[in-house]
Protein chains: 2
Amino acid sequence: MGLVFTYDYQVPFYETTVNQEIKLPHLLSLCLQISGLQSLDLGVSDDYIFKTYNLIWVVTDYEIDIKRLPSYAENIRIETEAISYNKLFTYRDFRIFSEEGDLLLTIRTTFVLMDYTTRKVSPILDELVAAYQPEKAKKMQRAPKYQVLENLDLRAFQARFSDLDMNGHVNNSKYLEWILDDFEHDFLKAHSLTGLHIKFIKEIAPASQVGLRSQLSEDLVSRHDILVDGNLHAQAQVKWQQR
Amino acid sequence: MGLVFTYDYQVPFYETTVNQEIKLPHLLSLCLQISGLQSLDLGVSDDYIFKTYNLIWVVTDYEIDIKRLPSYAENIRIETEAISYNKLFTYRDFRIFSEEGDLLLTIRTTFVLMDYTTRKVSPILDELVAAYQPEKAKKMQRAPKYQVLENLDLRAFQARFSDLDMNGHVNNSKYLEWILDDFEHDFLKAHSLTGLHIKFIKEIAPASQVGLRSQLSEDLVSRHDILVDGNLHAQAQVKWQQR
């Protein structure tokens, strides 16, 4: 098992929905920030690996289990741990606890290293992950495969400047924001998220024309495809329950 | 002069633009969060005045002067002070400093108290502001008046669920996000903001159809109207300079 890094946080007003819960896209961003703090702490900061190797860490998958989302002004503890890695992927968990120590949600994240200039995936370098003390595994974990949604209208929109981050592409928390905003307000008020899997297939460049299609099944599972120029850039599956 | 409250902050990755500067809408949200912390510290928290008086603080104006926006990973200090109040308005300043103590930007904010149920402005109660030790003034400060932009096409879009906050309306930082996203990416990369005035005239309800029209003059001042159902809900003036 890897070294554990913890961070205490109070949910601020401006990152809370009308349901008085933390915005999940914000929580994902915050988690990445915290893994960045661990990297800094261990001498392998994002800045260092960018300047030394021209590489950046990019998320390819989030798998999230939610018992309860933290509420406005709630004090939470976020724990993160680099679990294992193989030739191409690293796997990192985030666990979020209430003040009383109850586990509220877990986020399993898959990362790759990408060359900043060529935008190609790079093999994982032992020297870049050793400090986190993860397990070295030969096997790759297979993400679930989803059928492409067909015969559905695309909602089209342009990726906005505010959707971009310093890596020069759409920030991965924004995909989730787009997906959530594809539902009616009444649905989002009446339902809560219990699970989510999102996989990022290709990055989205500035000013891209994005297409999103969504389908909700009777058992409250929704499926989402995100496309640019007819190519799949991300897919997601979300589990809901009535409040 | 009022009591000064300070807060130290490091600019996180996920709140940084492709220009490696803090996202201004985020900085405004953070400032409000910090004034909320001062209120909590002084025993007049947002939660207390909501539960006791059914009132919420609402921003009506931001006036911002920018020498330089803080950059990614920069350590900044945010100072806030409730300057003065009168029958209907309170005025609060935020000053943002670099680690070396240089003043980077100032934000002058005007607040009103609004009844949560009736959505009407309430007179300022002395007992709710005394703790901040602001000056009591008779005069109201007049915000600049802007001509309505005419003969311009409206960009229409729906207020999204993620634009809302716990007060049940569009969060005021989102207006600024909409305005910035109305520019071409190339313009936003090649120019920086030096000043901004935005006034909020009416709140925007969930799922509203919003119209935005923008005009940029040759001396790099842009003007923006935000409308719902043909009524003006906000106006802004932004000063730009070439990078």
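About the criteria used
- Residues numbered from 1 in each chain as written.
- Chains lettered and ligands numbered in written order.
- Predicted model: local features only at pLDDT ≥ 70, side-chain atom pairs only at ≥ 80, totals over all residues.
- Heavy atoms only, no water.
- Salt bridge = Lys/Arg side-chain N within 4 Å of Asp/Glu carboxyl O.
- Helix = DSSP H or I, 4+ residues; strand = E, 2+ residues; numbered from the N terminus.
- Buried < 20%, exposed > 50% of the residue type's maximum accessible area, 1.4 Å probe, protein only.
- Lys, Arg positive; Asp, Glu negative; His and termini not counted.
- Polar contact = N/O pair within 3.5 Å; in protein donor to acceptor, adjacent residues only side chain to side chain.
- Contact = heavy atoms within 4.5 Å.
- Least-squares fit on C-alpha atoms with pLDDT ≥ 70 in both.
- Buried area = accessible area lost by both parts, 1.4 Å probe.
- Axes fitted to C-alpha atoms, helices over the stretch in contact; angles between N-to-C directions.
- Parallel < 35°, antiparallel > 145°, perpendicular 65-115°, else oblique.
- Nonpolar A, V, L, I, M, F, W, Y, C, P; charged D, E, K, R; others polar.
- Expected span 1.5 Å × (residues − 1).
- Pairing = 2+ DSSP bridges.

Student: Before we go on, may I ask you to explain the pattern of salt bridges in this structure?
Tutor: Should their charged atoms come close, side chains of opposite charge can pair. By the definition in use, this model includes 30 salt bridges over all chains. Residue Arg-243 of chain A is joined to Glu-21 of chain A by a salt bridge in which the shortest nitrogen-to-oxygen separation is 2.9 Å. Remark: Glu-21 of chain A occurs in the loop between β1 (4–10) and α1 (24–41) and Arg-243 of chain A occurs in the segment after β12 (231–242); sequence separation between them is 222 residues. Residue Glu-21 of chain A is classed as buried on the basis of its relative accessible area of 15%. For Arg-95 of chain B, the salt bridge is made with Glu-79 of chain B, and the minimal N-O distance between the two is 2.9 Å. Placement of the pair is Arg-95 of chain B in strand β4 (residues 90–97) and Glu-79 of chain B in strand β3 (residues 75–85), with a sequence separation of 16 residues. Each member of the pair Arg-95 of chain B and Glu-79 of chain B is classed as buried. In this structure, a network of salt bridges that share partners links the residues Arg-160 and Asp-163 of chain A together with Lys-174, Glu-177 and Asp-181 of chain B.

Student: What should I look at first to understand the side chain of Asp-165 of chain B in this one?
Tutor: Considering the arrangement of structural elements, one finds Asp-165 of chain B in the loop between β8 (155–158) and α4 (172–180). The side chain of Asp-165 of chain B is buried and forms no salt bridge, while Arg-119 of chain B, the nearest opposite charge, is found at 7.0 Å. At 2.8 Å, the side chain of Asp-165 of chain B forms a polar contact with the backbone nitrogen of Asn-167 of chain B. Filtering out sequence-adjacent residues up to four positions away, Asp-165 of chain B remains in contact with Phe-13, Thr-16 and Val-18 of chain A together with Asn-171 of chain B.

Student: Help me understand the relation of the copies chain A and chain B in this model?
Tutor: Put simply, the second copy of the chain is the first one after a rotation about an axis and a shift along it. The two copies are related by a screw motion: chain A maps onto chain B through a turn of 180° and a shift of 0.0 Å along the axis, at an RMSD of 0.0 Å. Classification of the inter-copy transformation places it as that of a two-fold axis. Scanning chain A for the C-alpha nearest the rotation axis identifies Phe-157 of chain A, at a separation of 5.1 Å.

Student: Please clarify how the interface of chain A and chain B should be interpreted in this entry.
Tutor: Where interface size is quoted, it is often the accessible area lost as the parts come together. Facing 33 residues of chain A, the contacting portion of chain B comprises 33 residues. For the chain A and chain B pair, buried surface summed over both sides reaches about 3,400 Å², with 62% attributable to carbon and sulfur atoms. Counting the contacts that link chain A with chain B gives four salt bridges. Notably, a salt bridge pairs Glu-177 of chain B with Arg-160 of chain A, separated by 3.6 Å at the nearest N-O pair. Of all the elements in the fold, those that place two or more residues in the side of chain A that touches chain B are α1, α4 (172–180) and α5 (185–190) of chain A. The element contributing the most residues to the side of chain A that touches chain B is α1 of chain A, with four residues.

Student: Would you explain the packing of helix α1 (residues 24–41) of chain B against α4 of chain B in this entry?
Tutor: Residues and elements named next belong to chain B. Here α1 crosses α4 at 170°, and the two axes come no closer than 8 Å. In terms of orientation, α1 lies roughly antiparallel with respect to α4. On α4, the residues that touch Leu-24, Pro-25, Leu-28, Ser-29 and Leu-32 of α1 are Asn-172, Ser-173, Leu-176, Glu-177 and Leu-180. Considering only residue class, the contact of α1 with α4 consists of six nonpolar, three polar and one charged.

Student: Would you mind showing me how to read unusual backbone geometry here?
Tutor: Phi is mostly negative for residues that are not glycine, and the peptide bonds are mostly trans. Of note in this structure, Asn-151 of chain A is not a glycine but carries a positive phi near 55°. Tracing the backbone through its elements, the reader meets Asn-151 of chain A in the loop between β7 (135–136) and β8 (155–158). Note on Asn-151 of chain A: relative accessible area 82%, which makes it exposed. A positive phi angle, close to 50°, is found at Asp-229 of chain B, a residue other than glycine.

Student: For this particular structure, what's the right way to read the side chain of Ser-222 of chain A?
Tutor: All names here are of chain A. Structurally, Ser-222 can be placed in strand β11 (residues 221–228). The class for Ser-222 is buried, based on a relative accessible area of 0%. A distance of 3.0 Å separates the side chain of Ser-222 from the side chain of Trp-240, its partner in a polar contact. For Ser-222, the contacting residues outside a window of four places in its chain are Phe-183, Gln-215, Leu-216, Ala-236, Gln-237, Val-238 and Trp-240.

Student: Any chance you could explain α1 of chain B here in plain terms?
Tutor: One turn of an α-helix holds 3.6 residues; hence residues three or four places apart share an orientation. Residue and element names in this part refer to chain B. Over its 18 residues, α1 extends 26 Å from the first C-alpha to the last, a length consistent with the 26 Å expected when each residue adds 1.5 Å. Among the 18 residues of α1, 14 are classified as buried, and the element is accordingly described as predominantly covered. Once α1 ends, the next one or two residues include Gly-43, with phi positive near 80°.

Student: For this particular structure, what's the right way to read the pairing of strand β2 (residues 55–66) of chain A?
Tutor: For a regular strand, side-chain orientation follows a simple rule: the groups alternate between the two sheet faces. Residues and elements named next belong to chain A. Most of β2 is tucked away, with ten of its twelve residues classed as buried. Sheet analysis places β2 next to strand β5 (residues 103–115), joined by eleven bridges and oriented antiparallel. Within the sheet, the bridge partner assigned to Ile-56 lies in β5 and is Met-114.

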